[in-house]
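# Working through the structure, step by step
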Amino acid sequence: MIPVAFDYQRPTSVDEALALLEEHGDEAKLLAGGHSLLPMMKLRLAYPSVVVDVGRLSDLSYVDDSGDQLAIGALTRHRDVEIHPLVAEHAPLLAAATGHVGDPQVRHRGTLGGALAHADAAGDHPSALLALGGSVVVRSAQGGERVIEADDLFTGFLESSLEPTEMIIEIRIPKHTGQGWNFQKFNRRAQDWAIVGVSAQRVDGGARVALVNMHPTPIRAVAVEEALADGADAATAAELAGDGMEPSADLNAGVDYRTHLARVLTRRALQAAGID
Ligand SMILES: Cc1cc2nc3c(=O)[nH]c(=O)nc-3n(C[C@H](O)[C@H](O)[C@H](O)COP(=O)(O)OP(=O)(O)OC[C@H]3O[C@@H](n4cnc5c(N)ncnc54)[C@H](O)[C@@H]3O)c2cc1C
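Residues numbered from 1 in each chain as written. Predicted model: local features only at pLDDT ≥ 70, side-chain atom pairs only at ≥ 80, totals over all residues. Heavy atoms only, no water.

### As for the sheet that holds strand β2 (residues 28-31)
What counts here: Two strands qualify as a pair provided that DSSP identifies no fewer than 2 bridges between them. Each helix is a run of H or I in the DSSP string that is no shorter than four residues. Each strand is a run of E no shorter than two, and both are numbered from the N terminus. For helices, the axis comes from a line fit to the C-alpha atoms of the stretch in contact; other axes are also lines fit to C-alpha atoms, and the angle between any two N-to-C directions lies between 0 and 180 degrees.
Judged by pairing direction, the sheet is parallel, and its three strands sit side by side in the order β1-β3-β2 without closing on themselves. Among the strands making up the open sheet, the edge pair consists of β1 (7-9) and β2. Taken pair by pair, the neighbouring strands of this sheet meet at an average axis angle of 25°, ignoring direction. Note that β2 and strand β3 (residues 50-53) share four bridges and pair parallel. Counterpart to L31 in the pairing with β3 is D53.

### Section: the pattern of salt bridges
Heads up, the condition is: Only one rule defines a salt bridge in this text: a Lys or Arg side-chain nitrogen within 4 Å of an Asp or Glu carboxyl oxygen. With a 1.4 Å probe rolled over the protein chains alone, any residue whose accessible area is under 20% of its type maximum counts as buried; one over 50% counts as exposed, and the rest are partly exposed.
Evaluated as defined, the whole model comprises 13 salt bridges. The closest approach of N and O atoms between R56 and D53, which form a salt bridge, is 3.3 Å. Looking at R56, the relative accessible area reads 54%, which means it is exposed. D53 gets classed as buried once you look at its relative accessible area, which sits at 6%. Two residues, E170 and R172, come together in a salt bridge whose shortest N-O distance is 2.9 Å. Among the residues examined, E170 registers a relative accessible area of 13% and is labelled buried.

In structure tokens, the structure reads:
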């Protein structure tokens, strides 16, 4: 439970943080809320030689109205996302998913940027970002800024398309004001990770649906979305929830049970979002 020794740096600006990433490359790791990185380091699944603590860069903590989308600073804590009136009005799915993360302690430390960069298929945020059709703005010292769509962000088990020298600066969420949505999370205790979860967001002509903990990566339930677009009802479309996915088996659930949960929760999510 003791991490490998590392250097600790606490930059006072984003530029300084990016310069440190440029200098140390994949030897360095950003520390935001630390609620995923520190457990990984203690388990020695991550062993950066330099930890770059950006947790106090408060200028990256905000929720702004940016026209047809919300702009959320990467270091905005889960609790600030959960209770923000703009998120409640324009992206209530994100607020709901965030409210299901861990316990109050976790939600007061963890950040939206950290949760997305960590790219955990069992995390609640990646599914919400996928269902909402969001994107992340990343920046590096040499490469400037680029935007990564949610569909291109999650590339493998705990892997994202971020380069080691890049930092998520902002998360952009298209407004879904007044459209049906729902978030389902099945776990045994309120503060646990999802055994399976579902984010559903109604969009013109159908819905975007993404599943939690049903595949090595966060994933959209494309077969469900296509069935809805073809006119299937919620119950019929939800039967396709596990299609094309490779859920793992663990102490909480085997593959068959996870697939069953995905179907049941997807049906509930679609119906609660107003799709019959
Ligand atoms: C007890 C416990 C229970 C939890 N339960 C849940 C749960 O139910 N559901 C859930 O979804 N999550 C859960 N979490 C995880 C929690 O949501 C974390 O806060 C989140 O996954 C990571 O956010 P962080 O800010 O703590 O990131 P950190 O741990 O600081 O960083 C995580 C990773 O992202 C990188 N990173 C951080 N910020 C950036 C950035 N801006 N740009 C690029 N890379 C960056 C880091 O280098 C690191 O690799 C739980 C955590 C704990 C400890």
